[in-house]
Every structure is written in C-alpha cells, then in structure tokens.
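Per-entry structural report
One-letter residues, chain by chain:
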Amino acid sequence: MARVDAIVLGAGIVGTSIGLHLAKRGLAVALVDRRAPGEETSYGNAGVIEGNTLFPQAFPSDPLALLRIALKRAPEANYHLTFLPQVAPWLLAFRAASTPRRLMETARAMRPLFARAIAEHEALLAEAGASRYLRRGGWLKLYRGERAFGALKGELALAQEFGIAYRALDTEAARELEPSLAPVFRHAVHWQGAVSITNPLAVTQAYAARFAALGGVVVRGDARSLHRADGHWRLDTGEGPLDAAQVVVALGPFAPDVLGPLGIRLSLGLKRGYHRHYRPAGNAALSRPVVDIENGYCLAPMEQGIRLTTGAEFAARDAPPTPVQFDRLLPAAQGLFPLGQPVETSPWMGSRPCFPDSRPVIGRAPGQDGLWLAYGHAHWGLTLGPATGRLIAEMMTGATPFCDPAPYGAERFGK
Ligand SMILES: Cc1cc2nc3c(=O)[nH]c(=O)nc-3n(C[C@H](O)[C@H](O)[C@H](O)COP(=O)(O)OP(=O)(O)OC[C@H]3O[C@@H](n4cnc5c(N)ncnc54)[C@H](O)[C@@H]3O)c2cc1C
C-alpha cells in the first residue's frame, strides 16, 4: 500500500499546477490521471492568459441574438435540441447571474485571481524551464459594429478603476499591430498586459515534469475508484491502492463523475468548444491572439498553426462532436485573416467546465473531511491554473492564502 500526503485527481493545467504547488511546499503528492498530463481540455484552448479579464461571458440580453442562436444561425453558439431539457435549469441560473449587478459582483470577486494569473504562470514557467512558450504583446479584440464596441463602456471604465492597461484603436492602428488582418472591423481594443502561450499542452507537460523533479509522482489511474477506507481516502490504481489524508478533485468537466457518487452535486454546466489549426496563406502572420467579438471566435497563433477556436456548444459532454460552428464562422474568419489549408483532418473538441456564476470552486468539499475541490474554471482554466494551485496549496497547508477564498467556496451554492 502506497501512502502520500495528498492525491490530486486530474492532471490538466489546474491539477498539475496544484500538484506542483503542493510539492514545492514539501508534501508527498501523487498526481493521478487516466491520460498523460494536459491531454484533455487543457490541450485545446486559445492559449490566452487573461490577466485583463473583468466580466464573464453573459447570457445574451438581446432578443435578436437569442433568436439567432435558437435558429442555429449564430457562429458563437450551438446546442443539441435533445439536450435542452437537461441544461435548462443551468441556463436559467446562468441568465440570473448575467444581470449587470451580478456581473459586477463576479468581476470584483474574480479580480484577485486574475490579478495574480500572469505572475503565477511566469514563476512556474521560469522554474519549469518553459518560458519560451510565453508570448508577450497582449491580445486584440475586434469590433465590426458600433453597437458591440459601445457596449464596452462599462468594462473600459472598470479597467481604468483597476489600473488595467488597454488601448482603444481604430482599424488602421490595429493593422499596424497585425498587418495581415483585413480592414473588416471598425474598432479594436488592445489589452496590452495579457500574455499568451504558444503550446498549452507543452506548458502542462513542463509543469508536470517540474512536479516530478521535486519528487511528485504521476500515476495512471481512474479517479472514480476514490473511496474512504481505514479513515483515509483510497484510490485503486494499476500500481495498487494509494492512500492519502487529503485529496483534491481537479477533474475539470469530469469532476461530477467522482463527486456525484460522494453526494456532492454542484450545478456544473459544460460549454463544449472546438479548435482547428490552419496554415496561414502566403506570408500572412499573426503575432498575438485576435478575437472577432461579434462572431465569437478566436484566432490564436500556435506552434501547430493558426488555432481557430469556437464559442460555446450546449450538448452532453460525451455526445459525438458536431462542429457545425466552423461552417457558420469560417466565412467571417477567412475574410478577416487569410487562412490556408487546415492542418488536421477533423477538429479537436473539449468541454469548458462552467458554474452559472462563472466562478470556479476552490476550497473544501462540503461534508467530506480532507476532500478539496478545484474545478469549474470555465473560459479561464489556463489563465487561472497556477493562481488556483497556489491558493489551494496555501489553504491545505495552513498558510495565509494570498487572497480571500470565500468567493470561490462551494458554500455559495447553499449546499
Ligand atoms: C475552445 C476553448 C478555448 C479556450 N480558451 C482558453 C483561453 O484562451 N484561456 C484560458 O484561460 N482558458 C481557455 N479555455 C478554458 C480552459 O481550457 C479550461 O478551463 C481548462 O483547460 C480546464 O482545465 P482543467 O485542468 O480543470 O481540466 P482538464 O484539462 O480537462 O483536466 C482534467 C483532467 O482529468 C482527467 N480525468 C477525467 N476523468 C478522469 C478519471 N475518471 N480518472 C482519472 N483522470 C480523469 C482528464 O484526463 C484530464 O486530464 C478554453 C477552452 C476551450 C474548450
């Protein structure tokens, strides 16, 4: 029987960062995954470390936008009709959390985590010898019409209040930064302070390698075998049972598979998303991620090519992929940037794990001694992985947390 101080379930960017932070504090840690580190959701994101982010994605308040989604014409969202009854309660809670007052609450509650996001990555990248994957230069959000740009007023005012740097640009000024973009947009905002990652998989792998170098053990196993035995938590792995007094569930969209049987049922929704890489046509190039706001996609330059990522799809996590959003957004994307041939034969798909209030759960599991939760990072798991790792490691080791963890507690759901 092997025994460690802590077992971390899930070796995505969140779990791997937690394992690394615990190992740095001298704990004996096993990081358990059924795959190799970083191969699920953390593989396929747009690579943006969004230190600038203030407001979460909101439920559409414009009836026309909703109608477009309902009619399956919207590039930014798709859904499976048969899944609607199942997701309806979550959607209603998401809508309730999308009032201006609630969005402001979330912006303020999340700020301490976002404010540390870049510095925490920088520190781990440096010690993991992986700083070459970090690209500075911010990211660029493009607005084709006045309406979408006008809707930004509140966000820009709040950015000023928090001292977050940005530049509002016209078409030509934005094209000085990114000359390969066609002038199909009228406004842009350059969030200069944000950074991006040129290969998210390689970063999680580098953090896992650093974790191992500090004595952490990466174990293949099925998290669903977690149970209580002899006053400890026990996991059955291919290498035998593994015991620990403390366990962290960092399984992203898969967390309910383990928590449900333990009686912990928090309202996690999933926004599936896709990506595909394209070779740039001719000499075209991008030097930072670019978001086409009205069409809900991002073009992110990666080592593998230009990664085109889609918005949300509401469908069962394990239902077969339906990448119809590519057909809806490709004309806009190709009109913005000269995309050449796709690199892969079919798109990648993953699921963003989202609570209705867009905040993750970071803290103790209700009613289960020694069980900790760190999941539900929605659109920001890459951004917040290392900050989450530090916060929960500080909580688990009795150190003073770098910020008040109360806004991320599971208790906010009243269970
Ligand atoms: C298209 C898209 C674009 C995105 N863009 C960005 C972005 O630009 N910036 C940003 O910050 N975020 C972005 N995100 C969100 C981000 O990718 C996720 O929030 C993040 O990857 C979640 O990480 P995680 O570690 O919680 O989950 P995961 O990476 O899914 O890790 C969970 C791990 O648990 C393992 N697991 C599951 N079940 C079991 C089991 N039974 N036993 C053992 N192991 C198990 C899985 O194999 C996996 O490795 C994007 C997401 C998508 C889909």
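The following paragraphs examine the structure supplied in this document. This is a predicted model, so every value here is computed, not measured.

Conventions and cut-offs
- Residues numbered from 1 in each chain as written.
- Predicted model: local features only at pLDDT ≥ 70, side-chain atom pairs only at ≥ 80, totals over all residues.
- Heavy atoms only, no water.
- Helix = DSSP H or I, 4+ residues; strand = E, 2+ residues; numbered from the N terminus.
- Expected span 1.5 Å × (residues − 1).
- Buried < 20%, exposed > 50% of the residue type's maximum accessible area, 1.4 Å probe, protein only.
- Near = heavy atom within 4 Å.
- Polar contact = N/O pair within 3.5 Å; in protein donor to acceptor, adjacent residues only side chain to side chain.
- Areas by Shrake-Rupley, 256 points an atom, 1.4 Å probe, with all protein chains shown as cover.
- Nonpolar A, V, L, I, M, F, W, Y, C, P; charged D, E, K, R; others polar.
- Pairing = 2+ DSSP bridges.
- Salt bridge = Lys/Arg side-chain N within 4 Å of Asp/Glu carboxyl O.

**Points about helix H8 (residues 200-213)**
Helix length check: H8, at 14 residues, gives a terminal C-alpha distance of 20 Å against a target of 20 Å (1.5 Å per residue), a fit within 8%. All of the buried residues in H8 are Pro200, Leu201, Ala202, Val203, Thr204, Ala206, Tyr207, Ala208 and Phe211. Looking at the residues trailing H8, positive phi occurs at Gly215, about 100 degrees.

**Details of the site of the ligand**
Asp33, Thr41, Ser42, Ala223 and Thr383 are the nearest of the 35 residues found near the ligand. Thr383 has a polar backbone atom sitting 2.7 Å from an oxygen atom of the ligand. For the ligand, the protein covers 98% of the area, taking 1000 Å² as the surface of the free molecule. The element best represented in the shell around the ligand is helix H11 (residues 381-396), accounting for three residues. Among the residues forming the shell around the ligand, the class breakdown is 14 nonpolar, 13 polar and eight charged.

**Examining the environment of Asp243**
Along the chain, the position of Asp243 falls in strand E13 (residues 240-249). Separated by 79 residues in the primary sequence, Asp243 and Thr322 place their C-alpha atoms 40 Å from one another. Within polar-contact distance, the side chain of Asp243 engages the side chain of Arg234 at 2.7 Å.

**Focus: the pairing of strand E12 (residues 232-237)**
Most of E12 is tucked away, with five of its six residues classed as buried. Linkage of strand E11 (residues 227-229) to E12, two consecutive antiparallel strands, is achieved through a turn of two residues, within which Asp230 is found at a positive phi near 50 degrees. Here E12 pairs with E13 via five bridges, running antiparallel. Residue pairing in the sheet places Trp233 in a bridge with Ala244 of E13. Hairpin geometry of E12 and E13 is characterised by an intervening segment of two residues between the two adjacent antiparallel strands.

**Overview of the pattern of salt bridges**
Going through the model one piece at a time under the given rule, you end up with 25 salt bridges. The salt bridge partner of Glu127 is Arg210, with a shortest N-O separation of 2.9 Å. Note that Glu127 is positioned in helix H4 (residues 100-127) and Arg210 in helix H8, a separation of 83 residues in sequence. Among the ionic pairs, Asp318 bridges to Arg317, the shortest N-O distance being 3.1 Å. What you see here is one network of salt bridges that share partners, running through Arg25, Arg116, Glu120, Arg390 and Glu394.

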